[in-house]
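# Geometric and topological summary
These are the residues of each chain, in order.
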Amino acid sequence: MSDPSISAQRSYGVESTSSHPPRDQPDPTVTGNASTGLAASSPAGTAELSGLKIRLRKALRQFPDFPSPGILFEDILPIFADPHLHAGLLRAIEIHILNTFGGEKPDVIVGLDARGFLFGPSLALRLDAAFVPVRKRGKLPGPTEVAAYQKEYGQDFFEMQKGVIKPGSKVVIVDDLIATGGSAAAAGALVEKQGGKLLEYIFIMELEFLKGREKLNAPVYSLLTGQS
Ligand SMILES: O=P(O)(O)OC[C@H]1O[C@H](OP(=O)(O)OP(=O)(O)O)[C@H](O)[C@@H]1O
Ligand SMILES: Nc1ncnc2[nH]cnc12
């Protein structure tokens, strides 16, 4: 049987500029646990998670000089073009959460504008948790909290509606990618301002060389790493 992730890549209609991982380097997230926090001997689902990571990685594409010169853009959208991969992404994060927090599930999934909205709500539904969006400035009605941040390619502002997180709620923040960590750190500050307890930040991909995780004051889990 053919690999559905490969057919999705081919049918997506845009030529890929490069592939993951570099062919001469092992993928540290597939067999190891260096950046993920998922112990190699962790409970059921570890083998399934490794398989899912391989399929997800194959689907990613890179675009040089987007959105500005010098940026190698990691495109995660092919994952969502293939229902098997889309389901695989949710399953991979679910396995991680079950293995990491045991019986303790998050109360709230916070998704970051805009690509965190692609999988945050479905993940929340799957975990029977609330979904709360963090949006770019000027998009949310009513009283909000605002946090400014610097990202890989410029400055921006995040907003969260006031009162959407009950003090003491267990919160997981999700986004497609962590680069400099500015976006995620600003979202974390908004969660903490409302009294939320940050369990973890979860990303599909981490650009490790930018050391974004050092800006974050809660554990970080990334399914995949790139651009070493
Ligand atoms: O770690 P950082 O350096 O902060 O960069 C990571 C952020 O950059 C991208 O979003 P972007 O702001 O480009 O917005 P978009 O999702 O609306 O395209 C990405 O989806 C992350 O949210
Ligand atoms: N290199 C990159 N690819 C995709 N999204 C990003 N957000 C910040 N840097 C990025």
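Residues numbered from 1 in each chain as written. Chains lettered and ligands numbered in written order. Predicted model: local features only at pLDDT ≥ 70, side-chain atom pairs only at ≥ 80, totals over all residues. Heavy atoms only, no water.

An unreviewed UniProt entry annotates the protein chain as adenine phosphoribosyltransferase of Xylona heveae. Annotation of the protein chain in UniProt includes, under Function (unreviewed entry), the sentence "Catalyzes a salvage reaction resulting in the formation of AMP, that is energically less costly than de novo synthesis." UniProt, in the comment section headed Catalytic activity (unreviewed entry), describes the protein chain in these words: "AMP + diphosphate = 5-phospho-alpha-D-ribose 1-diphosphate + adenine". (UniProt positions renumbered as here; feature names shortened; annotations may be inferred.)

Formed by 34 residues in total, the largest nonpolar core has its most connected members in Leu56, Ile79, Leu89, Ile93, Ile109, Phe119 and Leu223. Only helix H3 (46-59), helix H4 (77-81), helix H5 (83-101), helix H6 (120-126), strand S7 (170-178), strand S8 (197-207) and strand S9 (220-226) provide two or more residues apiece to this core. If you tally residues by element for this core, the top one is H5, at eight residues. Discounting residues that sit within four places of it in the chain, Ile79 has contacts with Leu56, Ala59, Leu60, Leu85, His86, Leu89 and Ile204. Residues Leu190, Val191, Tyr201 and Leu216 belong to the second largest nonpolar core, which totals 24 residues. (Core = buried A, V, L, I, M, F, W, Y, C linked by side-chain atoms within 4.5 Å. Buried < 20%, exposed > 50% of the residue type's maximum accessible area, 1.4 Å probe, protein only. Helix = DSSP H or I, 4+ residues; strand = E, 2+ residues; numbered from the N terminus. Contact = heavy atoms within 4.5 Å.)

With that settled, consider the confidence of the model for the protein chain. Interpretation of this model should avoid reading the predicted coordinates in detail wherever pLDDT is low. The pLDDT averaged across the protein chain works out to 85; a share of 80% of its residues lies at or above 70. Between residues 1-19, whose pLDDT stays under 50, and residues either more than four places distant or in other chains, the model counts 28 contacts. Contacts from residues 26-41, a stretch scored under 50 in pLDDT, to residues over four places away or in other chains number 30 contacts. For this predicted complex, the interface confidence score (ipTM) comes to 0.98, while the overall pTM stands at 0.85. (pLDDT = per-residue confidence, 0-100.)

Applying the stated rule across the entire model yields eleven salt bridges. Where Asp156 meets Lys136, a salt bridge forms, and the shortest distance between an N and an O atom there is 4.0 Å. Here Lys136 lies in strand S4 (residues 130-136) and Asp156 lies in strand S6 (residues 154-161), a separation of 20 residues in the sequence. One salt bridge in this structure joins Arg213 and Glu206, with 2.9 Å as the shortest N-O distance. Assessed through its relative accessible area of 3%, Glu206 is described here as buried. Counted as one network, the salt bridges with shared partners bring together Glu48, Arg91, Glu94 and Arg126. (Salt bridge = Lys/Arg side-chain N within 4 Å of Asp/Glu carboxyl O.)

Further remarks concern unusual backbone geometry. In this chain, Phe66 is followed by Pro67 through a cis amide linkage whose omega measures 0 degrees. With respect to the element layout, Pro67 can be found in the loop between strand S1 (61-64) and strand S2 (72-75). The omega torsion of the bond from Asp113 to Ala114 falls at 0 degrees, within 30 degrees of zero and hence cis. Positionally, Ala114 belongs in the loop between strand S3 (108-112) and H6. Residues other than glycine seldom take positive phi values, yet Asp128 does so here, at roughly 55 degrees. As for its placement among the helices and strands, Asp128 is situated in the loop between H6 and S4. Relative accessible area serves as the criterion here: at 72%, Asp128 is assigned to the exposed category.

Take the sheet that holds S4 next. Taken together, the seven strands give an open sheet; going across it, the order is S5-S6-S4-S3-S7-S8-S9, and neighbouring strands pair in mixed fashion. The sheet is open, and its two borders are formed by strand S5 (144-151) and S9, each paired with just one other strand. Across the sheet, the mean angle separating the axes of adjacent strands is 20 degrees when strand polarity is ignored. This element, H5, spans S7, S8 and S9 of the sheet and lies at about 140 degrees to S8. (Pairing = 2+ DSSP bridges. Axes fitted to C-alpha atoms, helices over the stretch in contact; angles between N-to-C directions.)

Moving on, we get to helix H7 (residues 182-193). One turn of the α-helix equals 3.6 residues, which is why residues spaced by three or four share an orientation. Over its twelve residues, H7 runs 17 Å from end to end, which matches the ideal 16 Å to within 8%, given 1.5 Å per residue. Taken residue by residue, H7 has Gly182, Ser183, Ala184, Ala186, Ala187, Gly188, Leu190 and Val191 as its buried positions. Looking at the buried side of H7, the elements it contacts are S3, S4, S5, S6, S7 and S8. Positive phi shows up at Gly195, right after H7, with a value of about 90 degrees. (Expected span 1.5 Å × (residues − 1).)

Right, let's get into the packing of aromatic side chains. Here a ring pair, both rings aromatic, is described through the centre-centre distance and the interplanar angle of the planes. With the rule as written, the count across this model stands at five aromatic pairs. With centroids separated by 6.2 Å and ring planes inclined at 90 degrees, the aromatic side chains of Phe117 and Phe131 adopt a geometry described as edge-to-face. Of this pair, Phe117 sits in the loop between S3 and H6 while Phe131 sits in strand S4, and the two are 14 residues apart along the sequence. On the numbers, 4.5 Å between centres and 35 degrees between planes, the contact of Tyr149 with Phe158 is tilted. (Phe/Tyr/Trp six-rings, centres within 6.5 Å; stacked < 30°, edge-to-face > 60°.)

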